[in-house]
Amino acid sequence: MIAIGRLRHRLVLEAPARTSDGAGGAVVQWTPVACMWADIRPIRQASGVKAEKIAASVTHRITVRSGCDVTTSMRFRQGERIFEIDGLQDDDGRGRFLTYVVRERLVP
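Below, the structure is looked at part by part.

What counts, and where the lines are drawn
Residues numbered from 1 in each chain as written. Predicted model: local features only at pLDDT ≥ 70, side-chain atom pairs only at ≥ 80, totals over all residues. Heavy atoms only, no water. Helix = DSSP H or I, 4+ residues; strand = E, 2+ residues; numbered from the N terminus. Buried < 20%, exposed > 50% of the residue type's maximum accessible area, 1.4 Å probe, protein only. Contact = heavy atoms within 4.5 Å. Areas by Shrake-Rupley, 256 points an atom, 1.4 Å probe, with all protein chains shown as cover. Lys, Arg positive; Asp, Glu negative; His and termini not counted. Charge placed at Lys NZ, Arg CZ, Asp CG, Glu CD. Salt bridge = Lys/Arg side-chain N within 4 Å of Asp/Glu carboxyl O. Pairing = 2+ DSSP bridges.

Secondary structure summary: the protein contains zero helices and six strands in total. Expressed as lengths along the three principal axes of its C-alpha atoms, the size of the protein is roughly 50 × 35 × 25 Å. Looking at the protein as a whole, 31% of its 108 residues are labelled buried. At a minimum sequence separation of 6, the contacts of the protein that also span at least 24 residues come to 51%. When the accessible area of the protein is evaluated, it comes to approximately 7,100 Å², of which 51% is carbon and sulfur surface. Averaging the coordinates of the 17 positive side-chain charges in the protein and doing the same for the 12 negative ones gives two points 4 Å apart.

Here the focus is the pattern of salt bridges. Evaluation of the coordinates by the stated rule reveals seven salt bridges. For Arg75, the salt bridge goes to Glu14, with nearest N and O atoms at 2.7 Å. Taken together, the residues span a long stretch of sequence, with Arg75 in strand S4 (residues 75–78) and Glu14 in strand S1 (residues 9–20) at a distance of 61 residues. Taken individually, Arg75 and Glu14 each receive the classification buried, so the pair is uniform in this respect. For Glu84, the salt bridge goes to Arg103, with nearest N and O atoms at 3.2 Å. In this pair, Glu84 is assigned in strand S5 (residues 81–90) and Arg103 in strand S6 (residues 97–106), connecting sequence segments 19 residues apart.

Further remarks concern the environment of Phe76. Looking at the element boundaries, Phe76 is found in strand S4. Among the residues examined, Phe76 registers a relative accessible area of 0% and is labelled buried. Between the alpha carbons of Phe76 and Ala56 there is a distance of 18 Å; along the sequence they are 20 residues apart. Setting aside anything within four residues of it in sequence, one finds Phe76 in contact with Leu11, Val12, Leu13, Met36, Ile62, Arg81, Ile82, Phe83, Ile85, Tyr100 and Val102.

Take the pairing of S5 next. Of the strand pairs in this sheet, S4 and S5 are connected by four bridges, and their pairing is antiparallel. Each residue of the ladder has a partner; that of Arg77, found in S5, is Ile82. Connecting S4 to the next strand, S5, in antiparallel fashion are two residues, including Gly79 with a positive phi near 65°. Bridge count between S5 and S6: seven bridges; the pairing is antiparallel. For Glu84, the partnering residue across the bridge sits in S6 and is Arg103. Between S5 and the antiparallel strand that follows it, S6, lie six residues; Gly93 among them carries a positive phi value of about 75°.

The following block contains the structure:
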């Protein structure tokens with residue numbers, strides 16, 4: 001059970017919208033779906049080299065009140081911070097609060 005006072009971060013839930021680019025491909029634009037209060041807790045940090053650049057990511061747990069149908073194709077945004085959803089967990093089995101495991105990409 002989470003105390004309501006811990007939900008102090010305002011997040012925007014975004015869904016991808018694919019549109020044709022006119023050349024046989026698609027352009028992905030992110031559309032806001034809902035705003036919600038959340039608790040964000042870091043779990044671990046990883047870094048390495050990707051495409052000859054140093055890349056880092058931080059894994060977090062984000063807990064929100066249930067009420068939105070969220071899928072792993074969606075993401076959370078807090079200003080310039082973007083959290084990609086990897087998984088979902090119902091902490092108390094009653095569906096009141098949902099916890100998402102997310103990855104935040106860090107740009108050096």
